[in-house]
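Summary of the model geometry
Spelled out, the chains give:
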Amino acid sequence: MDITAAELKQRLQHNETLTLIDVREELEYHTFNIGGLNIPLGRLATEVNEYDWNKNDEIVVICKIGMRSNTAKLILQQNGYTNVKNLKGGLIALRK
């Protein structure tokens, strides 16, 4: 399942507590971000079992256009995470 930019924006405006994982590289993250954990995709792939997240909690993965975050979603799902959402269109869509 994915999440649209409009839905995420609305949920953030309502101060919902969300686990956001930004899978862009550190430089990209520091250039512009909406918060959340910055775990570049390559690190997520190798360190996924080191994180202490509840595998049933909602996790939203984000990147610039939605490609890397879709890969991150698949990695998390393959490791037992059941409620992972990819931001469709990425941060580009969110900024529009």
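As shown above, the structure is provided for reference.
Residues numbered from 1 in each chain as written. Predicted model: local features only at pLDDT ≥ 70, side-chain atom pairs only at ≥ 80, totals over all residues. Heavy atoms only, no water.

1. Points about the side chain of Asn86
- When you line up the elements, Asn86 lands in strand β5 (residues 84–87).
- With relative accessibility at 4%, the residue Asn86 sits in the buried group.
- Within polar-contact distance, the side chain of Asn86 engages the backbone oxygen of Gly66 at 3.3 Å.
- With sequence-adjacent residues up to four places away left out, Asn86 is seen in contact with Met1, Asp2, Ile3, Val61, Gly66, Ser69, Asn70 and Lys73. (Helix = DSSP H or I, 4+ residues; strand = E, 2+ residues; numbered from the N terminus. Buried < 20%, exposed > 50% of the residue type's maximum accessible area, 1.4 Å probe, protein only. Polar contact = N/O pair within 3.5 Å; in protein donor to acceptor, adjacent residues only side chain to side chain. Contact = heavy atoms within 4.5 Å.)

2. Focus: the sheet that holds strand β3 (residues 37–38)
- Strand order across the open sheet formed by five strands is β1-β5-β4-β2-β3, with parallel pairing between neighbours. Looking at the sheet topology across the chains shown, the edges are occupied by β1 (2–3) and β3.
- Of the strand pairs in this sheet, strand β4 (residues 59–62) and β5 are connected by three bridges, and their pairing is parallel. Of the residues in β5, the one forming a bridge with Ile59 is Val84. (Pairing = 2+ DSSP bridges.)

3. Concerning the pattern of salt bridges
- All told, the structure shown has seven salt bridges when counted by the stated rule.
- Taking the shortest distance from any N to any O, the salt bridge between Lys85 and Glu58 comes out at 3.0 Å. Here Lys85 is found in strand β5, whereas its partner Glu58 is found in the loop between α3 (41–47) and β4, with 27 residues between them in sequence. Residue Lys85 shares its accessibility class with Glu58, and that shared class is buried. (Salt bridge = Lys/Arg side-chain N within 4 Å of Asp/Glu carboxyl O.)

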